[in-house]
Amino acid sequence: MRDMTRRTLIRAGAVGAALAAIPAGSAAALSSKPGKSGKSGKQSASYRAEYHFTVPDQWKNDPQKPIWIDGEYHYYYLYNADYLAGGTSTGTAWRLATSTDLVSFKDRGIAVPKDTTSNGDVWSGSAVVDTDNTAGFGAGAIVVLATMQPDDTANTQAQYLWYSTDKGRTFKNHGTDPAVPNPGVQDFRDPKVIRDEERGRWVMVLAEGTKVGFYHSANLKDWTHVGDFVKEGIGVLECPDLFRITTAAGTAKWVLGVSANGKASGLPNTYAYWTGEFDGTTFTPDAPEPQWLDHGFDWYGAVTFEKHAANGAVDPAVRYAIGWLNNWDYPNTTPTIDADGFNGTDSIVREITLQRAASGTHYLASRPVRALDQHVSRTVDLGDVTVDGQLVLDYTGTAYELSTEITWDQLTGAGVQLRRSADGGRHIDAGVYGDYAFVNRRGAANPDTSGKWQESKSPFDASAHKVTLRVLVDRTSVEVFFDDGRYTHSMEAFPYLTDTRLALFTIDGKAVFRNTVIREFTV
């Protein structure tokens, strides 16, 4: 189709604004029996992701920072076994999955149980390996500090200690008194603990409304408040993060991250971060305003964690990251509830690196975990494809990766149409237009019934006359990595399972889609 325009592109997908959030037209999918644990329960009409982590049943939300034990990553996450009967208010435990490659996971069941003490259910926190027995539970014991709220009508959010002596499979509570009591505030949660080897102590960062509190401890049991980092204007801060990372050239930076909500000011509702310096007590940012690790709508509660070699050595220049593919604006809207009996999908695990822009600013770049290459089941190499308007490819699929570099001399926009219906009326669009990159889900069923959160944007330099796209499509999600992961957009979308086509498009000009490759995965 020639003469593609931005208005034509959006109008063609305007059906998405009127669609119900769940694809009612996919009757077979919505009437199928719930899937079983992991991937084994998938049926032909399932909405369970093909190659992303999903909870076996019921509900999941916040990831907890994975830790490395005996050659495996131990991934804990918030799990609610009572969700389908009672909703999110019935509370969470910590469930465990293990993985050697961060693509394929084995479910290990409940690790930190809920409602076993008077303090109720267990919220987000972090687990650490106490190699030197600083807490007294034994060398190598796993210690968890997590938020609990005994009384939801009062300021009772506090941090409680749990420990494991069976390598993180099961945990016991260390009494019912908090390790870090509430000082009389409403928001006091999500402790993240790291080891400060240089100074021989533990450091905790804690989300406290519009500030991040810093704490020290020698033994993981007794904590002292030592300072705060304050940031107004991006909502209530949650799930803080603190780590050191180096560039390939060896320049080191500290990074402070938080899950935050910048929607009111046109910013993302994902993971905000600052690069800077940390002296063991005070974090000093390079700039007052944060950068964002994801510009989509659905990458929340994200955590980063260490990359280990097979011998356990830590890579100082690469970290991993994983986020919850959902948003608290519409947490219960997904076809997987009726089709498969669960609600909870994560992003692909990403490799995070520290890069330096031409301006001198340091930023974090993202790319899918390299181990995904080991799960490729089919490759379609299209080579270089010239497009002037729109080209529907001879490919169909509901879960795949598309990578390409788009180059041009003169045009207004270019990109791809994902999960396209046979008649072209439904699709998800990703690409560049003028001075911004975008992902637009308006043309497909999606969880945002308000119509406000349909197109995400990030900056783009049109003078480059090129852009690289790496797109991960799964049954209920799209993740787009622009320009080697300088900007990433993640979001939920619920296309009909019959919407399997793929198209390339340009606006006001011709482009070459170079080295265009589609890969499918088996996990």
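This structure is a prediction, so every number in the text was calculated from the model and none was measured.

Novice: Explain the overall build of the chain to me, and be specific about the residues and the numbers.
Specialist: When its secondary structure is counted, the chain shows five helices and 35 strands. At 23 Å, the chain has a C-alpha radius of gyration in line with the 24 Å of a compact globule built from 523 residues. In the chain, buried positions account for 61% of the 523 residues. In the chain, the proportion of contacts linking residues at least 24 apart, taken out of those at least 6 apart, comes to 61%. Summed over all atoms, the accessible surface of the chain reaches about 19,500 Å², with 47% contributed by carbon and sulfur. For the chain, the distance from the average site of its 51 positive side-chain charges to the average site of its 63 negative ones is 4 Å.

Novice: Pulling in residues and values, what's your account of the layout of surface pockets?
Specialist: Empty space among the atoms becomes apparent when a probe as large as a water molecule is rolled across them. Here the largest pocket defines a volume of roughly 1,000 Å³. Along the wall of the largest pocket there are 35 residues; nearest its centre are I194, R195, E197, E306 and V314. Elements represented by at least two residues in the lining of the largest pocket include exactly strand 2 (67-69), strand 6 (125-130), strand 10 (189-196), strand 14 (238-246), strand 19 (300-308) and strand 20 (314-324). Considered class by class, the residues forming the lining of the largest pocket number 19 nonpolar, four polar and twelve charged.

Novice: Give a description of the sheet that holds strand 32 (residues 477-482) that names residues and reports values.
Specialist: Reading across from one edge, 24-35-26-31-32-33 is the order of the six strands in this open sheet, with antiparallel pairing throughout. A strand with exactly one partner marks an edge of an open sheet, and here the two such strands are strand 24 (376-387) and strand 33 (487-492). Taken over all neighbouring pairs, the strand axes of this sheet differ in orientation by 15° on average, direction set aside. Both strand 24 and strand 35 (residues 511-521) contribute to a ladder of nine bridges, which runs antiparallel. Counted as the bridge partner of V385 is F513 from strand 35.

Novice: Please provide a residue-by-residue account of the pattern of salt bridges, values included.
Specialist: Pairing between side chains of opposite charge can happen when their charged atoms approach one another. For the structure shown, the criterion picks out 31 salt bridges. In this structure, D241 and K192 form a salt bridge, with 4.0 Å as the shortest nitrogen-oxygen distance. Of this pair, D241 sits in strand 14 while K192 sits in strand 10, and the two are 49 residues apart along the sequence. Overall, the relative accessible area of 3% leaves K192 in the buried class. For E289, the salt bridge goes to K231, with nearest N and O atoms at 2.9 Å. Placement of the pair is E289 in the loop between strand 17 (283-285) and strand 18 (291-292) and K231 in the loop between strand 13 (224-230) and strand 14, with a sequence separation of 58 residues. Judged by relative accessible area, K231 falls into the buried class, the value being 11%.

Novice: Report on the sheet that holds strand 28 (residues 428-433), specifying residues and quantitative values.
Specialist: Across a sheet, paired strands are connected by hydrogen bonds in the backbone, their directions being either parallel or antiparallel. One open sheet accounts for six strands, arranged 25-34-27-28-29-30; its pairing is antiparallel. At either end of the open sheet lies a strand with only one pairing partner, and these are strand 25 (390-396) and strand 30 (455-459). On average, each strand axis in the sheet is inclined to that of its neighbour by 15°, with strand direction left out of account. For strand 25 and strand 34 (residues 501-507), the ladder comprises four bridges, and the chain directions are antiparallel. Across the sheet, Q390 pairs through a bridge with F505, a residue of strand 34.

Novice: Please set out the packing of aromatic side chains residue by residue, giving values where relevant.
Specialist: One pass over the full model with this rule turns up 27 aromatic pairs. Between Y76 and F171, the ring centres sit 5.8 Å apart and the planes meet at 80°, which makes this aromatic pair edge-to-face. With Y76 in strand 3 (residues 72-80) and F171 in the loop between strand 8 (158-164) and strand 9 (172-173), this residue pair connects regions lying 95 residues apart in the sequence. Judged on exposure class, the residue Y76 and its partner F171 are both buried. When the centroid spacing of 5.1 Å and the interplanar angle of 55° are considered together, the rings of W324 and W328 count as tilted. When its relative accessible area of 0% is taken as the criterion, W324 is described as buried. The class for W328 is partly exposed, based on a relative accessible area of 41%. Joined through ring pairs, the aromatic side chains of F53, Y75, Y77 and F105 make up one cluster. Here the guanidinium or amino end of K457 rests over the ring plane of Y436, the centre of that ring lying 4.3 Å away. Geometry around Y363 places R486 over its ring, the cationic atom sitting 3.8 Å from the centre.

What counts and what doesn't
Residues numbered from 1 in each chain as written. Predicted model: local features only at pLDDT ≥ 70, side-chain atom pairs only at ≥ 80, totals over all residues. Heavy atoms only, no water. Helix = DSSP H or I, 4+ residues; strand = E, 2+ residues; numbered from the N terminus. Rg over C-alpha atoms; globule rule 2.2 N^0.38 Å. Buried < 20%, exposed > 50% of the residue type's maximum accessible area, 1.4 Å probe, protein only. Contact = heavy atoms within 4.5 Å. Areas by Shrake-Rupley, 256 points an atom, 1.4 Å probe, with all protein chains shown as cover. Lys, Arg positive; Asp, Glu negative; His and termini not counted. Charge placed at Lys NZ, Arg CZ, Asp CG, Glu CD. 1 Å grid on protein atoms, 1.4 Å probe; cavity = no way out; pocket = protein on both sides within 12 Å on 5 of 7 lines; lining within 4 Å. Points joined across faces, edges and corners; volume = space filled by probe spheres on them. Nonpolar A, V, L, I, M, F, W, Y, C, P; charged D, E, K, R; others polar. Pairing = 2+ DSSP bridges. Axes fitted to C-alpha atoms, helices over the stretch in contact; angles between N-to-C directions. Salt bridge = Lys/Arg side-chain N within 4 Å of Asp/Glu carboxyl O. Phe/Tyr/Trp six-rings, centres within 6.5 Å; stacked < 30°, edge-to-face > 60°. Lys NZ or Arg CZ within 6 Å of the ring centre and 35° of its normal.

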